Amino acid sequence: MKTLIAAYSGVLRGERQAEADRSQRSHGGPALSREGSGRWGTGSSILSALQDLFSVTWLNRSKVEKQLQVISVLQWVLSFLVLGVACSAILMYIFCTDCWLIAVLYFTWLVFDWNTPKKGGRRSQWVRNWAVWRYFRDYFPIQLVKTHNLLTTRNYIFGYHPHGIMGLGAFCNFSTEATEVSKKFPGIRPYLATLAGNFRLPVLREYLMSGGICPVNRDTIDYLLSKNGSGNAIIIVVGGAAESLSSMPGKNAVTLRNRKGFVKLALRHGADLVPMYSFGENEVYKQVIFEEGSWGRWVQKKFQKYIGFAPCIFHGRGLFSSDTWGLVPYSKPITTVVGEPITIPKLEHPTQQDIDLYHTMYMEALVKLFDKHKTKFGLLETEVLNS
């Protein structure tokens, strides 16, 4: 700003000098050409000052936006990892203070509201449209690619692959409106299914439900596909915790060959199957991979069996620098491609042969989707999808 004022002052001085030159010429005196020519120089300096000013402003704005993107991603990561446990501890502490009535009222309400997640929860369009999710999207960035239209008269089960460490693409695309899922698939209500244990944790359950997230169990899926009308899309991360254990940059593999429960559910309700592949999901975190038979893998499998999730040792970048380790994922593009729906008949009691048939069709459709789009998103033509 000081530069701008100084340049502007120089223009005024130049104009006054030019006026003096004209007066001197009218009286037959010599023009002060050196000073008079200064007015053009000051015009250049004001242009230069404006350029410098806008350049600095743009750089500052760009830096602020980048920091907002990092913060928006970090808040979700921390919510995913510690919000439920932290809120449980806070409520127990409040229960032991003079404000104990607040905790009692919340837990009383929780008892009456216990089954709400099983019925689709409480979706909030206001929460799904928060500006924070747009910063979240732009950090990577995350993109949702539609390849076919979906009929609102049908219900769907979307298979999301791969799981990655946290399924960041699944969350951004289907639990927020950052990538405009409702505009790309008008009349379709997406429900991202996740670990049922998350809905037993206070406050976290409300946060998840507001985005349209529901428990990944049979009761919930049965309700949404049979008692909630049509136009419902249940997004299941088919590989689950087992797949997350193999997540690492440069690896394209899915845990699918022996995962057939989602096909059986689709057949029982006549819900069409839709394969999806999220290119880049495995690139955003680095993980320590324990080999089969090692003590580390044994511990992970025990957690997975008895608790429902597998603890991963992973890292991303730091909050203030990409050169340090931290919980912030690396800013790698994530592109989720939604494939063509597979029409599924309604069979009240599907046989194993029926399940195997449509499971094979689904696997073939997923591989076809991967092969068709892989070169568009940085993979080599020779890359194959392992299952």
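Provided above is the structure to which this section pertains.
Notes on the structure in this doc start here.

### Structural notes on the overall build of the protein
Check the secondary structure of the protein and you find 14 helices and 10 strands. With 387 residues in all, the protein has 43% of them scored as buried. In the protein, the proportion of contacts linking residues at least 24 apart, taken out of those at least 6 apart, comes to 78%. Surface summary for the protein: the accessible area is close to 20700 Å², and the carbon and sulfur share equals 60%.

### Points about the sheet that holds strand β6 (residues 272–279)
Across the sheet, 7 strands lie side by side as β1-β10-β6-β2-β5-β3-β4; this open sheet has mixed pairing. Unpaired on one side and paired on the other, β1 (142–146) and β4 (213–215) mark the two borders of the sheet. Within the sheet, the average angular offset between the axes of one strand and its neighbour, ignoring direction, is 25°.

### A short note on the sheet that holds strand β7 (residues 286–287)
If you trace the 3 strands from one edge of the open sheet to the other, you get β7-β8-β9, paired in antiparallel fashion. Lying at the two open borders of the sheet, with one neighbouring strand each, are β7 and β9 (325–326). Bridge analysis of strand β8 (residues 314–317) against β9 gives 2 bridges, and the strand direction is antiparallel. Considered in β9, the bridge of Gly-316 is made with Gly-326.

### Here we look at helix α6 (residues 131–139)
By the burial criterion, the buried members of α6 are Trp-133, Phe-136 and Tyr-139. Burial along α6 is one-sided: seen end-on, the buried residues are contained in an arc of 115°.

### A few points about the packing of helix α10 (residues 218–226) against helix α12 (residues 261–269)
At a minimum axis distance of 10 Å, the contact between α10 and α12 shows a crossing angle of 30°. Considering how the two elements wind past one another, α10 and α12 form a crossing that is right-handed. Along the contact surface, α10 presents Arg-218, Ile-221, Asp-222, Leu-225 and Ser-226, while α12 presents Leu-265, Arg-268 and His-269. Here the contact of α10 with α12 is built from residues that sort into 3 nonpolar, 2 polar and 3 charged.

### Comments concerning the pattern of salt bridges
Tallying each qualifying case throughout the model produces 15 salt bridges. Linking Asp-356 and Lys-260 is a salt bridge whose minimum nitrogen-to-oxygen distance equals 2.8 Å. Of the two residues, Asp-356 is situated in helix α14 (residues 352–373) and Lys-260 in the loop between α11 (240–244) and α12; the sequence distance between them amounts to 96 residues. Look at Asp-356 and you get partly exposed, because its relative accessible area is 28%. In this structure, the salt-bridge partner of Glu-292 is Lys-301, at a minimum N-O distance of 2.8 Å. Salt bridges linked by common partners bring Asp-113, Arg-122, Arg-205 and Glu-206 together as one network.

### What about the pairing of β8?
Looking at chain direction, β7 and β8 are connected through 2 bridges and run antiparallel. Residue Gln-287 lies in a different strand from β8, and its bridge partner there is Phe-314.

### Comments concerning the side chain of His-269
Here His-269 lies in helix α12. Reaching out from His-269, the side chain makes a polar contact with the side chain of Asp-222 at a distance of 2.6 Å. With near-sequence residues (within four places) excluded, His-269 lies in contact with Asp-222, Leu-225, Ser-226 and Lys-346.

### Let's talk about the nonpolar core
One finds Phe-136, Phe-140, Phe-158 and Leu-168 to be the most contacted residues of the largest nonpolar core, which totals 48 residues. Those residues in contact with Leu-168, other than ones at most four positions away along the chain, are Trp-76, Phe-136, Phe-140, Ile-142, Glu-281, Val-284, Tyr-285, Pro-329 and Ile-334. Of all hydrophobic cores here, the second largest spans 33 residues; its members include Ile-236, Val-238, Ala-271 and Tyr-358.

### Regarding the pairing of strand β2 (residues 156–161)
The buried fraction of β2 is high, at 6 of 6 residues. Taken together, the 6 bridges between β2 and β6 define a ladder with parallel strand orientation. When the sheet's bridge partners are listed, Gly-159 is paired in β6 with Pro-275.

The rules behind each value
- Residues numbered from 1 in each chain as written.
- Predicted model: local features only at pLDDT ≥ 70, side-chain atom pairs only at ≥ 80, totals over all residues.
- Heavy atoms only, no water.
- Helix = DSSP H or I, 4+ residues; strand = E, 2+ residues; numbered from the N terminus.
- Buried < 20%, exposed > 50% of the residue type's maximum accessible area, 1.4 Å probe, protein only.
- Contact = heavy atoms within 4.5 Å.
- Areas by Shrake-Rupley, 256 points an atom, 1.4 Å probe, with all protein chains shown as cover.
- Pairing = 2+ DSSP bridges.
- Axes fitted to C-alpha atoms, helices over the stretch in contact; angles between N-to-C directions.
- Arc of directions from axis to C-beta.
- Left-handed = near helix turned anticlockwise from the far one by under 90°.
- Nonpolar A, V, L, I, M, F, W, Y, C, P; charged D, E, K, R; others polar.
- Salt bridge = Lys/Arg side-chain N within 4 Å of Asp/Glu carboxyl O.
- Polar contact = N/O pair within 3.5 Å; in protein donor to acceptor, adjacent residues only side chain to side chain.
- Core = buried A, V, L, I, M, F, W, Y, C linked by side-chain atoms within 4.5 Å.

Just distances and angles here, no functional claims.
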